[in-house]
Amino acid sequence: MNTLRLIGALFGAVALSSAPAVAEDLVLGASVQLTGPVANTGRYYKDAYEFTIDKINEAGGVKVGDKQYKLALKLYDNQSDVNLSVRQYTQLITQDKVNLLLGPFASNFALADSAISEKYQVPMVQGGGASDQIFSRNFKYIFGTLAPASNYFGSTVAMMKELDPLPKSVALLYADDSFDVSVAEGARPLLRNAGFTIALDERYTSNASDFNSLLSQVKNANVDAVLMAGHETEILNFVRQAKSLSVAPKLYSFTVGVPSEDFRKALGKDADYAYGMTAWLPSTDLKDRWFGDAAAFAEAYKAKYGYAPDYHAASGAADVEALAQAVEAAGTIDPKAVRDAIAKLNFDSLYGAVAFGKNGQINLAQTVVQIQDGNLAAVYGGKGFIEKPKYPMPTWDAR
């Protein structure tokens, strides 16, 4: 069985790879953030890719005609550097000669890296980038297992309309990368059509660490709710500084962080009352060819890696499964034929139903989740309230 090992450096980055590929290996290539500002989330993809590849290989690998292929992984650390990531995907195709591609984390990376898969006509299935911009270019070789960023707050806004007392004014805060800009662009009409007043609409610089000025604006605007699209480290800093400045609206919701066990551990009791969203929860209802179901996947994943998977890991696992399913359906490892098979996929995975739209993206509904007494609770979905939300959020000194 293949295991990741250190093999050297590429363009100044640490390169990780499976054991040397043999003639009957089907090699999947990826560049992932294993160091740098977003490495904490990037590791979900490295671990999910490795874990799912091992699981498929344990079951005999991938059958293509009369041949049985074992999957192998060629993985590089892009150090959270977009330009390095682009060079590494070029390297994967032109020099490493990988067969197919898995994606990086974050929309700005997927946006840039997908230009390489399109140029060389090698399909990439990725679960790390959701920006609408990725899928608006009529590219044929990029596929995504995250729902459109423009609708990330859709379920949250629907829930807000049913809360008592009704939150009336909203602060919309977002980082300046492609994903978070897409989130904000989609949230504005959602909020206005639902009758909410956007009292504050502010963009901030990605990887910002100081939110005191922004929080002062939130406090002065006296908003009822804060919707924030950003990265996990940004949101951790935002919550900590909100406490220090005693900024406590009735509700705040974040695009990332809340479903993550690490986020809850980092903030402790201060994480309580925060809302987020997820397209995946580890349910036994999500049946899977290789893992049995999503709950079994989550249990085995945590046993191996020591932390619970969230939707990032589940989407990464589904990416590997999608490539395996497509190769078998195509009956060949020819990248163009595999691309056509990916476009026609419709199968049940541990992540949910995988069927790509014409633009190459799937659309799974988001469930609103909230941290309650240190635990993650599913509070609102497509059929309304699931569990009662803890609302309104108390002031910091009343907790």
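Use the structure listed above.
This write-up is about the structure you can find in this document.

## Overview of the pairing of strand 5 (residues 67-77)
Put simply, side chains in a regular strand alternate between the two faces of the sheet.
Inference 1: Counted residue by residue, strand 5 has eight buried out of 11 residues, so it is predominantly covered.
Inference 2: Of the pairings in the sheet, the one linking strand 4 (residues 62-64) to strand 5 comprises three bridges and is antiparallel in character. The residue of strand 5 that forms the bridge with Val-62 is Tyr-69.
Inference 3: What sits between the antiparallel neighbours strand 4 and strand 5 is a turn of two residues, in which Gly-65 has the positive phi angle 60°.

## Things to note about the environment of Ala-378
Inference 1: Position of Ala-378 among the secondary structure elements: in strand 19 (residues 375-381).
Inference 2: In this structure Ala-378 comes out as buried when scored by relative accessible area, which is 17%.
Inference 3: In this structure the C-alpha to C-alpha distance between Ala-378 and Leu-345, which are 33 residues apart in sequence, comes to 29 Å.
Inference 4: The contact partners of Ala-378, leaving out residues within four places of it in the chain, are Leu-281, Thr-367, Val-368, Val-369, Ile-386 and Glu-387.

## Description of the packing of helix 2 (residues 82-94) against helix 3 (residues 107-120)
Inference 1: As a packed pair, helix 2 and helix 3 sit with axes 9 Å apart at the nearest point and diverge in direction by 25°. Classed by the angle they form, the pair helix 2 and helix 3 counts as roughly parallel. The chirality of how helix 2 crosses helix 3 is right-handed. Of helix 3, the residues touching helix 2 (which contributes Val-82, Ser-85, Val-86, Tyr-89, Thr-90, Ile-93 and Thr-94) are Asn-108, Phe-109, Ala-112, Asp-113, Ile-116, Ser-117 and Tyr-120.
Inference 2: Considered class by class, the residues forming the contact of helix 2 with helix 3 number eight nonpolar, five polar and one charged.

## Brief notes about the packing of helix 10 (residues 311-330) against helix 11 (residues 335-343)
Inference 1: Between helix 10 and helix 11, the shortest axis-to-axis distance is 8 Å and the interhelical angle comes to 110°. Accordingly, the angle class assigned to the pair helix 10 and helix 11 is roughly perpendicular. The hand of the helix 10/helix 11 crossing is right-handed. Touching Leu-323, Ala-326, Val-327, Ala-329 and Ala-330 of helix 10 are Ala-337, Val-338, Ala-341 and Ile-342, all from helix 11.
Inference 2: Among the residues forming the contact of helix 10 with helix 11, the class breakdown is nine nonpolar, no polar and no charged.

## Concerning the pattern of salt bridges
Inference 1: Scanning all chains against the criterion turns up 11 salt bridges.
Inference 2: One salt bridge connects Arg-188 with Asp-201, and the closest N-O pair in it is separated by 2.6 Å. One end of the pair, Arg-188, is in helix 5 (residues 178-193); the other, Asp-201, is in strand 10 (residues 197-204), and 13 residues separate them in sequence.
Inference 3: Taking relative accessible area as the criterion, Arg-188 reaches 18% and is therefore assigned buried.
Inference 4: Take Asp-201: its relative accessible area is 28%, and that puts it in the partly exposed class.
Inference 5: Between Glu-261 and Lys-302 there is a salt bridge; the shortest N-O distance is 3.2 Å. Of the two residues, Glu-261 sits in helix 8 (residues 261-267) while Lys-302 sits in helix 9 (residues 294-305), which places them 41 residues apart along the sequence.
Inference 6: On the accessibility criterion, Lys-302 (38% relative accessible area) is partly exposed.

What counts and how
Residues numbered from 1 in each chain as written. Predicted model: local features only at pLDDT ≥ 70, side-chain atom pairs only at ≥ 80, totals over all residues. Heavy atoms only, no water. Buried < 20%, exposed > 50% of the residue type's maximum accessible area, 1.4 Å probe, protein only. Helix = DSSP H or I, 4+ residues; strand = E, 2+ residues; numbered from the N terminus. Pairing = 2+ DSSP bridges. Contact = heavy atoms within 4.5 Å. Axes fitted to C-alpha atoms, helices over the stretch in contact; angles between N-to-C directions. Parallel < 35°, antiparallel > 145°, perpendicular 65-115°, else oblique. Left-handed = near helix turned anticlockwise from the far one by under 90°. Nonpolar A, V, L, I, M, F, W, Y, C, P; charged D, E, K, R; others polar. Salt bridge = Lys/Arg side-chain N within 4 Å of Asp/Glu carboxyl O.

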